[in-house]
Amino acid sequence: MQYPSNQSNKLMKIRSDWQLKEGVSVEDLQQGLTDDLSLCRQESTEREIWVLDDADWQLWQADRLLLREDGSRLRLYDANDNCLATATAPEKSRFWWELPAGELAEKIRESVPLRAFVAKFQCRISQQLLAVLNTDEKTVVRLRLFGLTRTDGSELQLLSLLPLRGYRREYDQVIALLLPQLLVKTAPLTLRQLLVQAGLEITVLPGKPSFGLDGREPSEEAVTRMAAKLIQLARHQEQGIIEDIDSEFVHQYRVNIRKARSLIALFKKTLSQPRYLALKGELKALGQITNRLRDLDVFLLDQDHYRRLLPDGFQAGLDHLYRRLRRRRAATFKSVREQLSTEAYLERISNVLLTLNRPAEFCSAQAQTGIRELVAKKISIQYAAIVRDGSAIDEQTPDSAVHELRIECKKLRYLLELFAELFEKSLLKSLVKQLKELQDNLGRFNDFSVQREFLDQLVGSRGSSDEERASINGLAAVLYNQQLAERGQVVANVNRFIAIPVQENFQQLFHSEGQEPSEP
Amino acid sequence: MKILAMYSIKGGVGKTASAVNIAYWAARAGYRTLLLDLDSQGASSFYFRVKPAASKNWGKRFFKAYEQVLKQIKASDFENLDVIPAHLSFRNFDVMLEQIGAHKNRLRQALKGLKKEYDLVILDCPPTISRLAESIFKAADLVLVPVIPTTLSERTFDQLADFFKDEAYGRKKLIPFFTMVDSRKQLHRETAVVMRKRYKRFLRNAIPHSADVEKMGIHRAPIDVYAHNRQANRAYQALWQEIAVLLREG
């Protein structure tokens, strides 16, 4: 939708955009002008547009707009309607890696590396370019007349008036003359604005939920309320899982369930024994539904990476392996989809929510403690445990101890992030960043174990060819080496995180303040 | 930002037609281009249907303040192409320059301020050797000279080349090209051969003698707009491409 724009930025600030009164035609506009000005029709286009984006509108939020036009043509625009890249791809393409290799694929990968882009909104936009000419037939003002068909079927006409350098007087004159046809001023009519005018609504769930915590809120109430919200967030992903749009739905579903589980486990003393046990069992069962599916997804997503790890001779074996895994994933997915649609599942979810929504029982002192005080205490204790366990780790410590430490770090991370709104932001952020560095190292170390176990299972399973087994063993060997390299960094990373300055920061943020109620 | 002057001591050699069409193709190639019509007898502004704003004697101010220049800029109907229309007061430039004792660098300084907005300024110059012309020779990165391949034109160009040599304007700037060439005329063919031998910097592409060029006055537009597939149009496009190489190299 490019248009001649030989005008400075200053001029573009003068441009104005309007909604027209109902039923105004080009002839009406012409008649509104004086004898020394005439209206000349130029190019006109009509387009059927599909807006594509992922579940979280990540492209839109990155000031990008991905449109499918005329069936198979994809175009990516920036916020100023500059076309950044185009490609032709069949309608079924939903991931950057399904597009023809090139600029468009790369640019989408930047914003949406894992998610599917799907059709979110459809609209017809017609555009008529018009030039206002003076008696020399020189263009003095440019007009763009847009016609939109809204989602509800109603029609809408919009007009942009674009000044030309050196013709400010004519521009002011044209606005004054057309005023009777203009209904109301709008924001500059970029593609995004046109889509909003046509009825496009952006609904985005926040990446990190806000719980609206009050530091003095009794802990039992705060914890159950937060867990209920996390379960609700997990439920938002269900439809995406069932439709198998992309792997992120399963991932986000699991993250929310896992956070809820951790929360309940960390604060079990605020709950009555029967309530805690009921939640523990149900949440564990909910998490298990998608375990295998996630393992398979991760392995499939990493395909390119694994292929690079092995020389050419092993690729055929990997082909077999991946074919088998895709079949297995299809079967696993089917079973997950069925489970999510069963009565038993729905009952389990509503059970969890009912249990969480019950009024507080206040069975323990902790249950009544203000949440901020309790969290501060928990964080101090959790960090102290990491300092203690971490200082015991050296190069010879068995892997099991490293895994233990990873789990303790994860608990600390959840505490810091779930309750972030209760504490001073900047210091907390730097602590989380330091923790993340350690966690990334420990996480990779763990991932290699998980992947190797996963490969072990595959080698043992029926139906694998010799070629395939050779590739799997080759991969396992490479992964083992990488794991050793990762292990080599653990001690240094741990020591950095339990160093005196970090300890002092934790002390400052969580110890002294532990007693004070927070100011919301 | 590059400054390109379209200059000829002689009138009626296709100077303005060349300025208009080269400006058009430069803009099409993505150069943000400003055509400055300094020739009040010429017609660059006429071809783009642009008229000067009613303003008293702004020519004087032209050399004084860049802001005054900006106020005179008008958008053409083509993307990337703006025009400063010729103004009657330009006639008096020479007199004025004498009066204010203007330094030859004045024009270059005045145009420098435009570099944020434009990649290329094309000057359509009046056909005189004067104080103004000298400012232009100083200011321009390239001085393009349309030459009809006749004996008289050859002598005129020799004069200009000598003048450049005497005044040390940098003869490399001086780029001649043939216009209004009629290949049926023996004189045209012979003069062209001789001149190309004497002046190595002649552009390879020549503009033919053509009714399509003359029709610019009727259509009031660059040739591409009304005679897209014609030889004259292709000649200007090819000529521009040659000039573009020189601009990039400079």
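Residue numbers restart at each chain and count upward from 1, following the sequence in its written direction. Chains carry letters and ligands carry numbers; both start at the beginning, A for chains and 1 for ligands, and go up in the order they are written. This being a predicted model, a pLDDT of at least 70 is required before a residue's local features are given, and a value of 80 or more before pairs of side-chain atoms are given or counted; all residues contribute to the totals for chains, interfaces and linings.

**Student:** Explanation requested: the overall build of chain A in the structure shown.
**Tutor:** Strands are runs of DSSP state E lasting at least two residues, helices are runs of H or I lasting at least four, and both sets are numbered from the N terminus onward. Scanning chain A from N- to C-terminus turns up 20 helices and nine strands. For a compact globule of 520 residues, the expected C-alpha radius of gyration is about 24 Å, and chain A comes in at 30 Å, more than 25% above that figure. If you line up chain A on its principal axes, its C-alpha atoms span 90 × 65 × 50 Å. Going through the 520 residues of chain A one by one, you find that 32% of them count as buried. C-beta atoms are placed from the backbone for every residue, and two residues are taken to be in contact when these atoms lie within 7 Å. By sequence separation, contacts in chain A at least 24 residues apart represent 71% of the contacts at least 6 residues apart. In this setup the radius of gyration rests on C-alpha atoms only. A globule is expected at 2.2 Å times the number of residues raised to 0.38. Exposure criterion: with C-beta atoms placed from backbone coordinates, a residue whose C-beta has 20 or more other C-beta atoms within 10 Å is buried, one with 12 or fewer is exposed, and one in between is partly exposed.

**Student:** Teacher, can you tell me more about the overall build of chain B here?
**Tutor:** Within chain B, the secondary structure is distributed over 13 helices and seven strands. Expressed as a percentage of its 250 residues, the buried residues of chain B come to 45%. Across chain B, contacts joining residues at least 24 apart in sequence account for 79% of those joining residues at least 6 apart.

**Student:** How should helix 19 (residues 466-497) of chain A be read in this particular structure?
**Tutor:** Note: α-helices contain 3.6 residues per turn, so residues at a spacing of three or four share the same orientation. Residues and elements named next belong to chain A. With 32 residues, helix 19 should cover 46 Å at 1.5 Å per step; its first-to-last C-alpha distance of 45 Å lies within 8% of that length. The largest bend along helix 19 measures about 30 degrees and falls at Val-490. Tucked into the core, helix 19 has its buried residues touching helix 12 (303-309), helix 13 (315-341), helix 16 (371-391), helix 17 (399-418), helix 18 (425-460) and helix 20 (500-511). Expected helix span is computed as 1.5 Å times (number of residues minus one). The bend at a residue is defined as the angle formed between two axes, one fitted to the seven residues ending at that residue and one fitted to the seven starting there.

**Student:** Which parts of the structure should I look at to understand the packing of helix 16 of chain A against helix 20 of chain A?
**Tutor:** Relative orientation and spacing of two packed helices are given, respectively, by the angle between their axes and the distance between those axes. All names here are of chain A. Where helix 16 meets helix 20, the axes come as close as 9 Å, and the angle between the chain directions of the two elements is 160 degrees. Here helix 16 lies roughly antiparallel to helix 20, going by the angle between them. The hand of the helix 16/helix 20 crossing is left-handed. On helix 20, the residues touching Ala-376, Ile-379, Ser-380, Tyr-383 and Val-387 of helix 16 are Gln-503, Phe-506, Phe-510 and His-511. A breakdown of the residues in the contact of helix 16 with helix 20 according to their chemical character gives six nonpolar, three polar and no charged. In this description, a line fitted to the C-alpha atoms serves as the axis of each element, helices being fitted only across the stretch in contact, and the angle between N-to-C directions of two axes falls anywhere from 0 to 180 degrees. Oblique is the label for every angle not falling under 35 degrees (roughly parallel), over 145 degrees (roughly antiparallel), or within 65 to 115 degrees (roughly perpendicular). Should the near helix be turned counterclockwise from the far one by less than a right angle, the crossing is left-handed, whereas a clockwise turn marks it as right-handed. Under this grouping Gly is polar, as are all residues other than the nonpolar Ala, Val, Leu, Ile, Met, Phe, Trp, Tyr, Cys and Pro and the charged Asp, Glu, Lys and Arg.

**Student:** Please explain the sheet that holds strand 3 (residues 74-75) of chain B as it appears in this structure.
**Tutor:** Residue and element names in this part refer to chain B. Read across the sheet, seven strands follow the order 3-4-2-5-1-6-7 without closing on themselves; strand pairing throughout is mixed. Since the sheet does not close on itself, it has two edges, and those belong to strand 3 and strand 7 (174-178), each with one partner. Sheet topology places strand 1 (residues 2-6) next to strand 6 (residues 142-147); three bridges connect them, and they run parallel. Note on strand 6: the bridge partner recorded for Ala-5 is Val-143. Sheet strands in contact with helix 1 (residues 15-28) are strand 1, strand 2 (33-37), strand 4 (81-84), strand 5 (120-124) and strand 6, and its direction is about 170 degrees off that of strand 5. Taken strand by strand, helix 8 (residues 151-167) contacts strand 6 and strand 7, and its axis lies near 160 degrees from that of strand 6. Paired strands, in this sense, are two strands between which DSSP finds at least two bridges.

**Student:** When you look at the sheet that holds strand 5 (residues 83-88) of chain A in this model, what are you seeing that I'm missing?
**Tutor:** Backbone-to-backbone hydrogen bonds pair the strands of a sheet. The strands run either parallel or antiparallel. Residue and element names in this part refer to chain A. Spatially, 5-4-3-2-6-7-8-1-9 is the arrangement adopted by the nine strands of the open sheet, whose pairing is antiparallel. On the outer flanks of this sheet lie strand 5 and strand 9 (182-186), each paired with one strand and no other. The average undirected angle you get between the axes of adjacent strands in this sheet is 30 degrees. Two strands pair when backbone bridges link them, and strand 3 (residues 65-69) and strand 4 (residues 73-77) are joined in this way by five bridges, in the antiparallel orientation. Each bridged residue has a counterpart across the sheet, and for Leu-65 the counterpart in strand 4 is Tyr-77. Each of strand 3, strand 4 and strand 5 is contacted by helix 4 (residues 103-111), which is oriented at about 120 degrees to strand 5, the strand it contacts most. The strands touched by helix 5 (residues 168-178) within the sheet are strand 1 (16-20), strand 6 (118-133), strand 7 (139-149), strand 8 (155-163) and strand 9, with strand 8 carrying the most contacts at an inclination of about 155 degrees.

**Student:** How should I be thinking about unusual backbone geometry in this particular structure?
**Tutor:** Residues other than glycine predominantly adopt negative phi, and peptide bonds predominantly adopt the trans conformation. All names here are of chain A. Even without being glycine, Asp-244 reaches a positive phi, approximately 55 degrees. Residue placement: Asp-244 occurs in the loop between helix 8 (238-243) and helix 9 (247-266). The backbone of Phe-362 shows a phi angle near 50 degrees, a positive value even though the residue is not glycine. Along the chain, the position of Phe-362 falls in the loop between helix 14 (343-357) and helix 15 (365-368). The partly exposed category is assigned to Phe-362, around which 15 C-beta atoms lie within 10 Å.

**Student:** Help me out: how do you make sense of the environment of Ala-492 of chain A in this one?
**Tutor:** Residue and element names in this part refer to chain A. With respect to the helices and strands, the residue Ala-492 is situated in helix 19. Classification of Ala-492 as exposed rests on a count of 11 C-beta atoms within 10 Å. Put simply, Ala-492 and Lys-268 are 224 residues apart on the chain and 33 Å apart in space, counted from C-alpha to C-alpha.

**Student:** In this structure, what is going on with the pairing of strand 6 of chain B? I would like to understand it.
**Tutor:** Walk down a regular strand and you will see the side chains alternate between the two sheet faces. Residue and element names in this part refer to chain B. Buried residues dominate strand 6, accounting for five of its six residues. Looking at chain direction, strand 6 and strand 7 are connected through five bridges and run parallel. The partner of Val-145 across the bridge, within strand 7, is Pro-176. Call a crossover right-handed when, viewed with both strands pointing away from you, the route from the first strand across the helix to the second goes clockwise. Each parallel crossover has a hand, and the one from strand 6 via helix 8 to strand 7 is right-handed.

**Student:** Which parts of the structure should I look at to understand the nonpolar core?
**Tutor:** It is characteristic of soluble globular proteins that their nonpolar side chains tend to be buried jointly. Nonpolar cores are identified as sets of buried Ala, Val, Leu, Ile, Met, Phe, Trp, Tyr and Cys residues joined via C-beta atoms within 7 Å. The biggest cluster of nonpolar side chains holds 70 residues, and the ones touching the most others in it are Ala-5, Ile-22, Ala-23, Val-121, Ile-122, Leu-123 and Ile-136 of chain B. Core analysis: the second largest hydrophobic core is formed by 66 residues, Met-226, Leu-230, Tyr-306 and Ile-379 of chain A among them.

**Student:** How should I be thinking about the environment of Ala-392 of chain A in this particular structure?
**Tutor:** Residues and elements named next belong to chain A. With respect to the helices and strands, the residue Ala-392 is situated in the loop between helix 16 and helix 17. Residue class for Ala-392 comes out exposed when judged on the 10 C-beta atoms lying within 10 Å of it. Each C-alpha atom of the pair Ala-392 and Val-491 lies 9.8 Å from the other, and the pair is 99 residues apart in sequence.

**Student:** Looking at this structure, I do not really get the confidence of the model for chain B. What am I missing?
**Tutor:** Low-confidence regions, as indicated by low pLDDT, have predicted coordinates that should not be scrutinised in detail. pLDDT expresses, on a scale from 0 to 100, how confident the predictor is about each individual residue. Averaged over all residues, the pLDDT of chain B is 86; the fraction at 70 or higher stands at 85%. As scored by the predictor, the complex reaches a pTM of 0.72 and an ipTM of 0.81.

**Student:** In this structure, what is going on with the packing of helix 10 (residues 273-288) of chain A against helix 14 of chain A? I would like to understand it.
**Tutor:** Residues and elements named next belong to chain A. With their axes 10 Å apart at the nearest point, helix 10 and helix 14 run at an angle of 145 degrees to one another. Classified by chirality, the crossing of helix 14 by helix 10 is left-handed. Along its contact with helix 10, which presents Arg-275, Ala-278, Leu-279, Glu-282, Leu-283, Ala-285 and Leu-286, the element helix 14 presents Arg-348, Asn-351, Val-352 and Thr-355.

**Student:** Before we go on, may I ask you to explain the pairing of strand 6 of chain A in this structure?
**Tutor:** Residues and elements named next belong to chain A. In this sheet, strand 6 lies alongside strand 2 (residues 38-53) in antiparallel orientation, the contact comprising 14 bridges. Paired with Ile-49 across the bridge in strand 6 is Cys-123. Pairing of strand 6 with strand 7 involves ten bridges; the strand directions are antiparallel. Of the residues in strand 7, the one forming a bridge with Ser-126 is Gly-147.

**Student:** Teacher, can you tell me more about the confidence of the model for chain A here?
**Tutor:** Residues and elements named next belong to chain A. Looking at chain A, the pLDDT average stands at 90 and 95% of residues meet or exceed 70. Within the model, the stretch residues 1-7 combines pLDDT values under 50 with 19 contacts to residues more than four positions away or in other chains. Per-residue pLDDT stays below 50 along residues 513-520; that stretch engages in 15 contacts with residues further than four places along the chain or on separate chains.

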